[in-house]
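A look at the structure
Residues per chain are reported as follows:
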Amino acid sequence: MGKHWTAIVLTCQNVDSAHAYQDELTLRQRKGLIPSDTLLLTVEDPKAHVGSGGATLNALLIVAEHLSARSHFTVVNSDVLSDAHVLIMHMGRDFPYNPCGKAFTTLPATLTADTAVGYDGLFCNLDSLLDTMTRKISLGSPPGVWVCSTDMLLTVPNILEVDWTGFTGVCAVTVAADVIYARNHGVFKVNPEGTVEDIVYKPSNVGMQELVTAEGTVHLVAGVVFLSSGAAERLLTVHVTPPLDACTYLGLDSGAEPIKLSLFFDILLCMATLVTEEAFVSGDRSGQYGGTPRPRNEREVMTMRSARALLWKTLRGINVKAVCIPNGRHDYMTEDASVHLQHLVKCPLQLDPITNLTWAPITHSAIQEGCTVADGSVVVNSVLEGGVHVSSGTAVNHCHLKGHICIPEGCYLHALGEEVSQVLQATKIVPNTVLQCFRVKLFGTNTATVYTVFGTKDGLQATAGGDNTFCNESWDVFFQRTGILRGDLWGPHMPEDECCLMNAKLFPVFHPTQPVGIAEVLWLLNNTKGVSLLDRWRGSWRVSLQEVLSSVDHSAEFKWRRDLFYSVGQHRVQKVLLSGREGCLLPFFKSAAVEGYHRQVLVALDQVVTQTATPGVTARTLACIADVLGSLAGQQWGLRSGPAANKMWQPAYQLLEAGEYAAGIQALALERECWLDSSRPDFLIRAARHYEGAEQILRRQIVMTTKQFIYTQQSAVPSEGQWVVAECPARIDLSGGWSDTPPITYEHGGSVTNVALLIDGKKPIGAKARRIQEPELVLVIDSNLDNSSVRLTCTELSDMETYCQPHAPGALLKACVVCADLVTLPSPSSLREQLQTRHGCGFELHTWSDVPHGSGLGTSSILAGAILAVLYKVTGREADNLSLMHGVLYVEQLLTSGGGWQDQVGGLDPAVKIGRCRPEVPVKVEVEHVPVSDEGLQAVNSRLVLVYTGKTRLARNLLQDVVRNW
């Protein structure tokens, strides 16, 4: 449980990214990671122009507008914030190691399959922060607005304990950090009462001494702030007042020039108690990140002074309370490649048993035979095949690599496709290399692919020259090795001190006469192909890393990830099914249904069936297809359990019944497409039921192998009219229930302990049979409960054909007749001919039960055992109890009810016993009797009471749910 957000807002840089991020948030909501009634918003553009403070104000305005509209106000009413719980998450700047930004940087972690949500997916920093904010930081907080940066990995080991009683101000969350780390970040000065007195960005050595606590640490700005509803309403009031209206879309739409405000060093700083009005308004203690503002004209200076003066007037007096995360940790996601690599290889986030989060060096990846991944490396959402070797200290993210490719130590590879594998095989990648592929929009609406390369030791913003490097070698060596000139990269007008790797036009995109790709980029790393490649490189249209990051096609990047994820998932599905391994696949199927990858998954499942001759694997695969179809329908229509005998599916069923599995699966797939194309939830549910029906056919065929364990021997044939009677107790099970149920029993093995019971001192279940002169079958179903009876006379084979329809009158009795070989169906001989030829007579069969139908005491299966016993005896045969138990299992397959074996074990053998079945085919049941003293039995009997509730428990319906869950 955690905070139930009224709204979650993600701020980003442009409209294109906003659409992509909105889709990502929506997918999380559809998966249940975010409540369905939470308002999801992505707010574009302000961060780039108005800073984190302006972005917060703009997001707050847009949330207030939406909530006002929900409450049927015609103008913005700040009162809607009084009972709202809002989370604003800022995306921050472009991140050179992930085109989707720091928030969507994929971590080497996964949620285990038994989570309550039950969906599969990649785990990103956004998911970590959202979970941390929801379950640990915000718990118990009053209505208000939480603001969270996404440019850090934030560790919060336990729920943050805060006294929220009567809270009306601002809460700033801090982390106790060492002085060295804090030198590059913001630090709070906090008094003994916990009030923020000052906020300092990158404190000097002298200034740091005033900020150090008694423990030798400082209160680091953790990037998380809470504004109570009152504080948020006061901040919102400035959105209509110039010049602060220019921080919002309303001001920009009114023609105002955007102004930049920092959340911490403008908005929060004016609330810090030791900051004076003169220092704040003048900008000496303010401005973006608290540093010295860039030179402005007089008009801009006055505008900013006016903005700060308005902030001071509006927000001064609000108390800022600092709350430190006990044992918390803050890891900023820098532009330093080596730091980012360490964040992946040695992820600093802590394991969290509450969310079932599991860290794994190989996460959501398919590593084929012949590939090796060294200890100390990380592979995330990737496919490696054909002999790829990943060395220690290397991270491979979102890649599909094939062939003999050696990735040396300390490298970072991102989003490389299979098409580059041939070039990589022919290229020697050097250690500590960053090699990436970006999908960008450089040609209007068309998406282009750009490859980039540099070294993990390179400074992206460092001036090109001196000791600074590119591809881990000095710029001078690079120029000499390649023949590239400075003018090729920066042109003649770029000031030398502004030339850096980030703005160097290094990476080819297009050449008028020749194709360009990763080869021309790898040439920058290793120019073994000589000067001829320099001409092609120089003749190409090239872009800088900065241009690449600003032109990312976020939707294409997310699609690339998802394509790979489902490609990996299909590998896993096929591997799990074909090997017969345990593994929960349902979360993957549910995710595929939500994200629109169900057709690819269905094709992969169809392929499994064509690759196996094992009925058990085929049956499980059909059940998986049913799960995909059921997941597509969701909760929109109907229950999963239901009939599966529509005539449109019968040709496929007939092929499966005949053992022609490949043709049957193909027929199922063709029929499935007709139902799938309709996109109607009711059609999807019905199709799922029919796939479960197909699975039941194969499961039934597997269980029918138990017939070989039915042994009979000859005995005296009773005289005509002589009754043969069998009576049985009911049963209760003490442990192991459902482990007797196919396919659980032959895939996992079963062990059930149960007890035979008398009801009111007598055996409540029974059957009797006798030979009659007329060659026909007379079936009588007596009910001692209401003194009623149903009498059926079968004179034709057609009268027996309903033995496989559980709800048909006399179906159980007919199935027992077929199992006991009294007659054969189908047959060219009539029923009368078969009875006369084989037995010289007909038969009359009566059954009864003093236990209500659907009582859960095993009545139907035990009754089947009694019926088989009298049918064998009346035809001159005898079967021991173990044979009868296997016979009942066979009968239930004929009946298509698909039951297990524990009921007949409990009711055909006396007292207490353990029934067992090994995980193998053919299905064989063994019984061990448990000795219990007379005193023990008496102690149990004196404590047993049977209470009839009047509610029916239909085993068939329960069975479908149990098998589906398995």
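Residues numbered from 1 in each chain as written. Predicted model: local features only at pLDDT ≥ 70, side-chain atom pairs only at ≥ 80, totals over all residues. Heavy atoms only, no water.

**Examining the sheet that holds strand S23 (residues 412-414)**
To be explicit about the condition: Any two strands with at least two DSSP-identified bridges between them are counted as paired. Secondary structure elements are taken from DSSP: a helix is a run of H or I of four residues or more, a strand is a run of E of two residues or more, and numbering for both begins at the N terminus. Any two residues having at least one pair of non-hydrogen atoms within 4.5 Å are treated as being in contact. For every element, the axis is a line fit to its C-alpha atoms; helices are fit only across the contacting stretch, and the angle between N-to-C directions ranges from 0 to 180 degrees.
On the basis of which strands lie adjacent, the open sheet formed by 6 strands has the order S14-S17-S20-S23-S24-S25 and mixed pairing. The sheet is open, and its two edges are formed by strand S14 (362-363) and strand S25 (446-455), each paired on a single side. The sheet contacts of helix H18 (residues 554-579) involve strand S24 (433-443) and S25, and relative to S24 the element is tilted by about 130°.

**Digging into the domain arrangement of the chain**
Using the following cut-off: For the domains described, the bounds stem from an automatic or database domain assignment.
Split by domain assignment, the chain resolves into domain 1 (7-332), domain 2 (337-344 + 356-555), domain 3 (584-699) and domain 4 (710-963). Domain 2 and domain 3 are separated by 43 Å when their C-alpha centres are compared.

**Considering the packing of helix H26 (residues 811-819) against helix H29 (residues 881-894)**
For clarity, the threshold we go by: Any angle from 65 to 115 degrees is called roughly perpendicular, while one under 35 is roughly parallel, one over 145 is roughly antiparallel, and all others are oblique. Crossing chirality is assigned from the near helix's rotation relative to the far helix, an anticlockwise turn below a right angle marking it left-handed and a clockwise turn marking it right-handed. When residues are grouped by polarity, Ala, Val, Leu, Ile, Met, Phe, Trp, Tyr, Cys and Pro land in nonpolar, Asp, Glu, Lys and Arg in charged, and all others, Gly among them, in polar.
Axis separation between H26 and H29 bottoms out at 9 Å; the angle between their running directions is 120°. When the interaxial angle is binned, H26 and H29 end up oblique. Of the two elements, H26 crosses H29, and the hand of that crossing is right-handed. Here Leu 812, Ala 815, Cys 816, Val 818 and Cys 819 of H26 come into contact with H29, specifically with Gly 887, Tyr 890, Val 891 and Leu 894. Residues belonging to the contact of H26 with H29 are distributed by class as follows: 8 nonpolar, 1 polar and no charged.

**As for helix H27 (residues 831-838)**
The condition that has to hold: The rule is simple: take the accessible area with a 1.4 Å probe, protein chains only, and divide by the maximum for that residue type; under 20% is buried, over 50% is exposed, in between is partly exposed. The directions considered for the arc are those from the helix axis to the C-beta atoms.
Residues of H27 that are buried: Leu 831, Gln 834 and Leu 835. For H27, the angular spread of buried residues about the axis comes to 95°, placing them on one side. Turning to H27, the residues buried within the fold contact strand S35 (777-783), strand S36 (788-794) and strand S37 (842-849). Downstream of H27 by one or two residues, Gly 840 has phi in the positive range, about 70°.

**Some thoughts on the side chain of Thr 248**
Tracing the chain through its elements places Thr 248 in the loop between helix H6 (229-236) and helix H7 (249-253). Residue Thr 248 is classed as buried on the basis of its relative accessible area, which comes to 1%. Not counting chain neighbours up to four residues away, the residues in contact with Thr 248 comprise Leu 57, Asn 58, Leu 61 and His 239.

**Some remarks on the packing of helix H19 (residues 586-595) against helix H20 (residues 598-610)**
For any two helices packed against each other, the geometry is given by the interaxial angle and the distance between the axes. Following both chains from N to C, one finds H19 and H20 inclined at 135°, their axes separated by 8 Å at the closest point. With respect to H20, the axis of H19 lies oblique. Only His 598, Val 601 and Leu 605 of H20 make contact with H19, whose side of the interface consists of Phe 588, Phe 589, Ala 592 and Ala 593. For the contact of H19 with H20, the per-class residue count stands at 6 nonpolar, 1 polar and no charged.

**Regarding a nonpolar patch on the surface**
As a reminder of what qualifies: Only residues whose relative accessible area exceeds 30% and that form no salt bridge are eligible for patches; like-charged ones are grouped when within 9 Å, while nonpolar side chains (Val, Leu, Ile, Met, Phe, Trp, Tyr) are grouped when within 5 Å. Per-residue and other accessible areas were derived by the Shrake-Rupley procedure at a 1.4 Å probe size, with only the shown protein chains allowed to occlude residues. When a carboxyl oxygen of Asp or Glu lies within 4 Å of a side-chain nitrogen of Lys or Arg, that pair is called a salt bridge.
On the surface, a cluster of nonpolar side chains totalling about 290 Å² of accessible area is made up of Phe 443, Phe 510 and Trp 541. If you trace the backbone, Trp 541 turns up in strand S29 (residues 541-543).

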